[in-house]
Amino acid sequence: MNVELRYLRALVAVVDAETFTDAAIELGTSQAAVSRSIAALEQALGLRILQRTTRSFTPTPVGERIIAHARSVLDELALLEREARDHGSELRVSYAWSALGRRTIALQRQWEEIHSEVSLVWVQSNAPSGGLADGSADIAVLRRSAADARFTSTPIGTEARFAAVASGDPLSRRRFLRMADFAGRTIAVDRRTGTTSEELWPEGSRPAGFRLVQGVDEWLTLISTGKALGMSSEATAAQNPRPGIAYRPVRDAPRIEVFLASWRDDPSPAVADFIRLAREAYVAG
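These remarks concern the structure in this document. (Residues numbered from 1 in each chain as written. Predicted model: local features only at pLDDT ≥ 70, side-chain atom pairs only at ≥ 80, totals over all residues. Heavy atoms only, no water.)

1. Description of the packing of helix 5 (residues 103–114) against helix 8 (residues 269–284)
Part 1 of the reasoning: Interaxial distance between helix 5 and helix 8 falls to 11 Å at its minimum, and their mutual angle equals 135°. Taken as axis vectors, helix 5 and helix 8 run oblique relative to one another. Between helix 5 and helix 8 lies a crossing of right-handed hand. Here Arg 103, Leu 107, Gln 110, Trp 111 and Ile 114 of helix 5 come into contact with helix 8, specifically with Ala 270, Asp 273, Phe 274, Leu 277, Ala 278, Ala 281 and Tyr 282.
Part 2 of the reasoning: In terms of residue class, the contact of helix 5 with helix 8 is built from nine nonpolar, one polar and two charged. (Axes fitted to C-alpha atoms, helices over the stretch in contact; angles between N-to-C directions. Helix = DSSP H or I, 4+ residues; strand = E, 2+ residues; numbered from the N terminus. Parallel < 35°, antiparallel > 145°, perpendicular 65-115°, else oblique. Left-handed = near helix turned anticlockwise from the far one by under 90°. Contact = heavy atoms within 4.5 Å. Nonpolar A, V, L, I, M, F, W, Y, C, P; charged D, E, K, R; others polar.)

Dropping the structure here:
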């Protein structure tokens, strides 16, 4: 039996992302490669794990058990990698679109003063777990609570919402916007890691449509070319300036809650201290 870790990663990614396409994006590979890995796993085990149709898939009864075992193996590997990183004196903090915005650099400097022996490294991850599940991060900055029960989400503060508009758009000449200003316009949204959804607007006053994007770079490009408006956190506005885009506060939009997610069973003092410092940064304003 020849079962490789990449087969297990592909299987868990597909189940978590719910599509082969999104799983491929999360793993940084092609959809065909993901399909081949799962087919190879099924061949190695001699059983069917996923029952596929043209549009969807469902785990078989034995597949459910295989998926649980695959998660267990990958969790143990992540723990092993975290132990190795702890020994190497490094704390990795992930983010999808923006870290902590204007607070990021100040927090980095404060950390270096207090923990000169532990290097603080920021990494970008568009995975649903913020890279916690695959061991690429020790802490994840999330702007919605982690859905996975293996992780705990600690609220550290809130952020205002900002609109992103093309610099040639008449809305860019205003000092601030309101939710009603999005009526009749197309909004660019990332449903995997973004913070904007149609539920933000009352029924009957929603934007004309929503354009799905994959990640912040595609979001920024779509807006700068005038094809859509965007709305995100104040951290996105601070951390992602782009020629051709103007950010404006949205006065009547609900604030965004910011969380730090980590493994529920992680007793690391470094993780606890980072959470404390981040919360203090938001309290300070």
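2. What to know about the side chain of Arg 161
Part 1 of the reasoning: Counting through the fold element by element, Arg 161 comes out in strand 7 (residues 161–166).
Part 2 of the reasoning: Notably, Arg 161 is buried but unbridged: the nearest opposite-charge side chain belongs to Glu 159, and the N-O separation is 9.2 Å.
Part 3 of the reasoning: Looking at Arg 161, its side chain comes within polar contact range of the main-chain oxygen of Pro 254, at 2.5 Å. (Buried < 20%, exposed > 50% of the residue type's maximum accessible area, 1.4 Å probe, protein only. Lys, Arg positive; Asp, Glu negative; His and termini not counted. Salt bridge = Lys/Arg side-chain N within 4 Å of Asp/Glu carboxyl O. Polar contact = N/O pair within 3.5 Å; in protein donor to acceptor, adjacent residues only side chain to side chain.)

3. Some points on the side chain of Ser 153
Part 1 of the reasoning: For Ser 153, the location among the structural elements is in strand 6 (residues 151–159).
Part 2 of the reasoning: A distance of 3.4 Å separates polar atoms of two side chains, one belonging to Ser 153 and the other to Ser 145.
Part 3 of the reasoning: One polar contact links the side chain of Ser 153 to the main-chain amide nitrogen of Ala 146, over a distance of 2.9 Å.
Part 4 of the reasoning: Residues within four places of Ser 153 in sequence aside, it is in contact with Ser 145, Ala 146, Phe 259, Leu 260 and Ala 261.

4. Remarks on the packing of aromatic side chains
Part 1 of the reasoning: Tallying each qualifying case throughout the model produces seven aromatic pairs.
Part 2 of the reasoning: Taken together, a centroid distance of 4.9 Å and an interplanar angle of 85° make the contact between Phe 151 and Trp 263 edge-to-face. With a gap of 112 residues between them, Phe 151 in strand 6 and Trp 263 in strand 12 (residues 256–263) connect regions that are remote in the sequence. Like Phe 151, the residue Trp 263 is buried in the burial classification.
Part 3 of the reasoning: Between the aromatic rings of Phe 182 and Trp 201, the centroid separation amounts to 5.5 Å while the plane-to-plane angle is 65°, which identifies the pairing as edge-to-face. Linking Phe 182 in the loop between strand 7 and strand 8 (186–189) with Trp 201 in the loop between strand 8 and strand 9 (209–212), this pair joins segments that are 19 residues apart in sequence.
Part 4 of the reasoning: Residue Phe 182 is classed as buried on the basis of its relative accessible area, which comes to 0%.
Part 5 of the reasoning: Each member of the aromatic cluster is reached from another via a ring pair, and the members are Trp 111, Trp 122 and Phe 274.
Part 6 of the reasoning: Above the plane of the ring of Tyr 282 lies Arg 103, whose end atom (NZ or CZ) is 3.9 Å from the centre. (Phe/Tyr/Trp six-rings, centres within 6.5 Å; stacked < 30°, edge-to-face > 60°. Lys NZ or Arg CZ within 6 Å of the ring centre and 35° of its normal.)

5. Notes on the sheet that holds strand 12
Pairing between sheet strands relies on hydrogen bonds along the backbone, with the strands arranged either parallel or antiparallel.
Part 1 of the reasoning: Reading across the sheet, the five strands line up as 4-3-5-12-6 and stay open at both edges, with mixed pairing between neighbours. Pairing within the sheet leaves two strands with one partner each, and these edge strands are strand 4 (119–124) and strand 6. If you compare each strand with its neighbour and ignore which way they point, the axes differ by 25° on average.
Part 2 of the reasoning: Across six bridges, the pairing between strand 3 (residues 90–95) and strand 4 is parallel. Paired with Tyr 95 across the strands is Gln 124, a residue of strand 4. (Pairing = 2+ DSSP bridges.)

6. Re the layout of surface pockets
Part 1 of the reasoning: The calculated volume of the second largest pocket comes to roughly 190 Å³.
Part 2 of the reasoning: Glu 18, Thr 19, Phe 20, Thr 21, Gln 31, Arg 52, Thr 53, Thr 54, Arg 55, Ser 56 and Phe 57 are the residues that line the second largest pocket.
Part 3 of the reasoning: Taken together, the residues that form the lining of the second largest pocket break down as two nonpolar, six polar and three charged. (1 Å grid on protein atoms, 1.4 Å probe; cavity = no way out; pocket = protein on both sides within 12 Å on 5 of 7 lines; lining within 4 Å. Points joined across faces, edges and corners; volume = space filled by probe spheres on them.)

The values reported here are purely geometric and, on their own, carry no functional implication.
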